[in-house]
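# Observations on the model geometry
Take a look at the letters that make up each chain.
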Amino acid sequence: MITSHPGPRLGRGDDESIVVTAPAYVLTVDGSRAVLQAHDDDAARLELTLLAAVSRRDLPDESLVPAPGAGPIGVHTARQERDGIVVEVELPTAAWRRKTLHIEARADAVHLWVEVEGEGWITDVVLGGGAVLGGNGSCGELRSPIAHAGVFVPAASEPVAVVRPASTGAVLGVLGDALPGRLHGVFSPPPLAFAFSPSPAPASATEAPDGAWIGAAILGPVDELTFTRALYEPLDGGWWLRLTYEGHTRVTGSWRSPVLRLHPAGSVWEVLEDLRSSTRGTTATPVALGEGPIQHGVPAWWLSPIFCGWGSQCAEAARLVTGAAASSASSGVVGDDLAVTTVRGAPDLARQDRYDAWLDRLGAAGIVPGTIVLDDRWQAEYGACTVDAEKWPDLRGWIRARHARGQRVLLWFKAWDPGGIPARECVLAPDGTPVSVDPSNPHYLARLERIVTELLSPEGLDADGFKVDFTQRAPSGTSLRSAGDARPGGGVWGMAALHEMLRTLHDAARRAKPDALVVTHALDPRFADVTDMVRLNDVLERDVAGAVVPVVDQLRFRARVAQAALPGQPINTDQWPMPNLTQWRSYVAEQWQIGVPALYYVESMDRSDEVLEEADLALVADTWRRYGERKAP
């Protein structure tokens, strides 16, 4: 890639099309379409229909255009500006007083965005297409032509496919879970960038080959990212990008969408690195960490091997379930139902006596974690984070005893959960039911600060930080209502709402304890100021053909995404769920080379019911020793 070069040049084609020539690409804009083509590889090509839509709660945005092929879409203008050449396309619509599609050809990339003037609450924004009211009966949806064959998606999802066919949709966002159609919440949010390749998806589910790519990154300050999802939506040879705002962002006067940054790249890793450099300065400065900001160094204990009890909780729950099933032939708990039942029962086993027993067995095998994660569910109420005194009769004393042994304790934090939070501080359904906590409500944010202070301060529980989970359970729905909906610009929603919640938690944690550690699975670079350590999160299972994807391959890929998007951030390698003991052993042998080793299992596996032998614990001890030798100065 050429990174030092003069600005782009404006010219005209034989057909009077607008032609912008830059060192890395050529952009051609004709009456209805823009084509971006890389200089150094003619195959790298992206086509865009010159349309955009910004729909309102009360009125869909339908552009008034001629019949396809009958003339230009809208009125085109082109001019030279300081940052490059700007092409503007005026798109008449009944939804807004004015709608303009902007294309800015810079030296290294093309920036695309839509701007509207008027009044209304935004539901969806579409770039590269939209609904039209055209001549000769050509009404309906128009998309951009698919001129690419493969699409890179940095969100772990199932079926596992990091590069998928251009005809397959993809989602980046803060919504998802384990239900069909929603298995894309492992990172929330993932890096907000797709990439398009002329080559089809490779046979390997976790391979993203170097070559000709065109990156498509979503730019903008994090507090302006008030959408919940960015969707690549192909259909019948066409595609567009849709951002879901869900009616919680208000236009009063003028409003512009996030920028879609399009640029040639030699690899998907270049695309993620470009996203990081292009979004630098769009988040707040991290709260000081001891002697300096977080990027200047981390406390040594952050890098200590981790024991998290969740896998052992699930394994013991599985034994209890299978034992009950064996004694009752009518239980019907088999196959996938067993895994679901196990996960539901595991929170009941987040108990002081269980954790002591697991840690004692590890200690006897010479395995002493530097950090212990108390997982789901040490709390009596998820949202209020009150301690379940039946499970943890003296949690403060337990933490103090672990500190005396040189160990630190993280508390599992379930994001968004309204349990124990007054309804007035929550996002509400139309019937008044609390759906989630409300980061646009200052009273909730103040409550969250108090909760964090009580959990981490020496005068409170004196814990050492948080493993933040379930960030993919953001509130979603046009009919939901938040405190922010009464503000002139609307509520804090989507990505911005998650960042506001994490910012409040992170800042309060640092005030309570200067070296507090906050672990998240938010990998977009704009979340670097609220993420001290990246979790690789839950392991998935199968590819599009139904074949099992090795655990090591999945998590090695995720670690590389984290390294490209958030370089220098420690990586919590995670370890759940493991399909069987063989794959667990393979991953244990690899973890110490990926990031901070994390151990979830002590006695048996939850999915296969295989028992860990002494040799298995010896493998853990050996890899932890190797890790310690490697990170030692």
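Look up: the structure comes first, before these words.
Residues numbered from 1 in each chain as written. Predicted model: local features only at pLDDT ≥ 70, side-chain atom pairs only at ≥ 80, totals over all residues. Heavy atoms only, no water.

### A few points about the packing of helix H8 (residues 551–565) against helix H9 (residues 581–594)
As a reminder, the rule being used: With axes taken as lines fitted to C-alpha atoms, and helix axes fitted only over the stretch in contact, angles between N-to-C directions fall between 0 and 180 degrees. Each helix is a run of DSSP H or I of at least 4 residues and each strand a run of E of at least 2, with the numbering of both proceeding from the N terminus. Roughly parallel here means an angle under 35 degrees, roughly antiparallel means over 145, roughly perpendicular means 65 to 115, and every remaining angle is called oblique. Here a crossing is called left-handed whenever its near helix is offset anticlockwise from the far helix by less than a right angle, and right-handed whenever the offset is clockwise. Throughout, a contact is declared for two residues whenever any of their heavy atoms are within 4.5 Å. Gly is placed with the polar residues, together with every amino acid not listed as nonpolar (Ala, Val, Leu, Ile, Met, Phe, Trp, Tyr, Cys and Pro) or charged (Asp, Glu, Lys and Arg).
At a minimum axis distance of 9 Å, the contact between H8 and H9 shows a crossing angle of 20°. Regarding the angle of H8 to H9, the classification is roughly parallel. The element H8 and its partner H9 pack so that their crossing is right-handed. Residues Val551, Val552, Leu555, Arg556, Ala559 and Gln563 of H8 touch H9, and the partners they reach there are Gln583, Ser586, Tyr587, Glu590 and Ile594. Of the residues belonging to the contact of H8 with H9, the class tally is 6 nonpolar, 3 polar and 2 charged.

### What to know about the state of the cysteines
Going by this rule: Two cysteine sulfur atoms make up a disulfide if the distance between them is within 2.5 Å.
Counted by the stated rule, this structure contains 0 disulfides. With no disulfide partner, cysteine 308 has as its closest neighbouring cysteine sulfur the one in cysteine 314, 9.4 Å distant.

### Description of the nonpolar core
Selection criterion: The criterion is simple. A nonpolar core is a set of buried Ala, Val, Leu, Ile, Met, Phe, Trp, Tyr and Cys residues joined through side-chain atoms within 4.5 Å. Between buried and exposed lies partly exposed: a residue is buried under 20% and exposed over 50% of the maximum accessible area for its type, with that area taken using a 1.4 Å probe on protein chains only.
If you look at the biggest cluster of nonpolar residues, it comprises 188 residues, and the most contacted ones within it are Leu27, Leu374, Trp398, Phe466 and Trp584. Residues within four places of leucine 374 in sequence aside, it is in contact with Tyr355, Trp392, Leu395, Trp398, Val409, Leu410, Leu411 and Trp412.

### As for the sheet that holds strand S23 (residues 371–374)
What counts is decided by this rule: Here a strand pair is declared whenever DSSP counts at least two bridges between the two strands.
With parallel pairing, the 8 strands of this open sheet are ordered in space as S32-S31-S30-S29-S26-S23-S22-S33. Here the strands that pair on one side only, and so sit at the sheet edges, are strand S32 (571–572) and strand S33 (598–599). Across 4 bridges, S23 lies against strand S26 (residues 408–414) in parallel orientation. By the bridge assignment, threonine 371 is partnered in S26 with arginine 408. Together, S26 and strand S29 (465–469) form the strand contacts of helix H6 (residues 442–456), whose direction differs from that of S29 by roughly 130°.

### So, the sheet that holds strand S1 (residues 9–12)
Strand order across the open sheet formed by 5 strands is S1-S2-S3-S4-S5, with antiparallel pairing between neighbours. Taken across any chain shown, the strands that pair with only one partner, and hence form the sheet edges, are S1 and strand S5 (45–49). Direction aside, neighbouring strands of the sheet carry axes that sit 15° apart on average.

### Let's talk about the pattern of salt bridges
Note the cut-off: Here, a salt bridge means any side-chain nitrogen of Lys or Arg that lies within 4 Å of a carboxyl oxygen of Asp or Glu.
One pass over the structure, following the stated rule, counts 44 salt bridges. A salt bridge links aspartate 515 to arginine 408, with the nearest nitrogen and oxygen atoms 3.2 Å apart. Here aspartate 515 is found in the loop between helix H7 (494–512) and strand S30 (517–520), whereas its partner arginine 408 is found in strand S26, with 107 residues between them in sequence. For arginine 408, a relative accessible area of 24% translates into the label partly exposed. Through salt bridges with shared partners, a single network forms among Glu316, Arg351, Asp353, Arg354 and Glu390.

### Quick word on the environment of valine 86
Positionally, valine 86 belongs in strand S9 (residues 84–90). On the basis of relative accessibility, which here comes to 2%, the residue valine 86 falls in the buried class. Each C-alpha atom, one on valine 86 and one on aspartate 15, is 20 Å from the other, the two residues being 71 residues apart in sequence. Among residues more than four places away in sequence, those in contact with valine 86 are Thr77, Ala78, Arg79, Glu81, Ile103 and Glu104.

### A short note on a negative patch on the surface
Put simply, the rule is: Patches were defined on residues exceeding 30% relative accessible area and lacking a salt bridge, with like-charge contacts within 9 Å and nonpolar side-chain contacts (Val, Leu, Ile, Met, Phe, Trp, Tyr) within 5 Å. Methods summary: accessible areas were calculated by the Shrake-Rupley approach with a probe of 1.4 Å, and residue burial reflects only the protein chains presented. Positive residues here are Lys and Arg, negative ones are Asp and Glu, while His and the chain termini are left out of the count. The location of each charge is read from NZ of Lys, CZ of Arg, CG of Asp or CD of Glu.
On the surface, a cluster of negative charge is made up of Asp14, Asp15, Glu16 and Asp30. Position of aspartate 30 relative to the elements: it lies in the loop between strand S3 (25–29) and strand S4 (33–38).

### Quick look at helix H1 (residues 268–278)
Worth spelling out the cut-off: The definition of a polar contact used here is a pair of N or O atoms within 3.5 Å, where within protein one atom must be able to donate a hydrogen and the other to accept one, and adjacent residues in sequence count solely through side-chain atom pairs.
If you check which residues of H1 are buried, you get Val268, Trp269, Val271, Leu272, Asp274 and Leu275. Elements in contact with the buried residues of H1: strand S14 (150–152), strand S17 (193–197), strand S18 (213–219), strand S21 (259–265) and H8. For H1, the side-chain oxygen to backbone nitrogen distance between the N-cap and tryptophan 269 is 3.3 Å, and the N-cap itself is serine 267.

### Examining unusual backbone geometry
Peptide bonds are, in most cases, trans, and in most cases residues other than glycine have a negative phi. The amide bond that connects serine 188 to the next residue, proline 189, takes the cis arrangement and shows omega of -5°. Cis geometry marks the peptide bond from tryptophan 576 to proline 577; its omega dihedral reads -15°. By the secondary structure assignment, proline 577 is in the loop between S32 and H9. The phi angle at asparagine 537 is positive, at roughly 70°, despite the residue not being glycine. Its place among the elements puts asparagine 537 in the loop between strand S31 (533–535) and H8.

### Brief notes about helix H5 (residues 395–404)
The set of residues buried in H5 consists of Leu395, Gly397, Trp398, Ile399 and Arg402. Residues of H5 that are buried make contact with helix H4 (352–364), S23, strand S25 (386–387) and S26. A positive backbone phi angle near 85° is found at glycine 406, which sits one or two residues after H5.

### Thoughts on the packing of aromatic side chains
Note the following rule: Only centres within 6.5 Å qualify two rings of Phe, Tyr or Trp (six-membered ring in Trp) as a pair; their planes then separate them into stacked at under 30 degrees, edge-to-face at over 60, and tilted for everything else. Consider the ring centre and the ring normal. A charge sits over the ring if Lys NZ or Arg CZ is within 6 Å of that centre and within 35 degrees of that normal.
Under the criterion given, the structure shown has 18 aromatic pairs. Between tryptophan 310 and tryptophan 576 the ring centres are 5.8 Å apart and the planes differ by 70°, which places this aromatic pair in the edge-to-face class. Taken together, the positions of tryptophan 310 in helix H2 (residues 310–327) and tryptophan 576 in the loop between S32 and H9 put the pair 266 residues apart, joining distant regions of the chain. Judged by relative accessible area, tryptophan 576 falls into the buried class, the value being 8%. A centroid spacing of 5.2 Å and a plane angle of 80° characterise the contact between tryptophan 392 and tryptophan 398, whose relative ring orientation is edge-to-face. On the basis of relative accessible area, tryptophan 398 is assigned to the buried category, the value being 5%. What links up through ring pairs into an aromatic cluster is the set Phe307, Tyr355, Trp358, Trp392 and Trp398. We note arginine 377 situated over the ring of tyrosine 382; from NZ or CZ to the ring centre the distance is 4.0 Å. Sitting over the ring of tyrosine 382, lysine 414 keeps its end group 4.3 Å from the ring centre.

### Looking at the side chain of arginine 164
Assignment of secondary structure puts arginine 164 in strand S15 (residues 163–165). Despite its burial, arginine 164 pairs with no opposite charge; the closest candidate is glutamate 158, at 11 Å N-O. Looking at arginine 164, its side chain comes within polar contact range of the main-chain oxygen of alanine 161, at 3.3 Å. When sequence neighbours within four positions are dropped, the list of residues in contact with arginine 164 reads Ala149, Gly150, Val151, Val153, Ser157, Gly169, Ala170 and Ala201.

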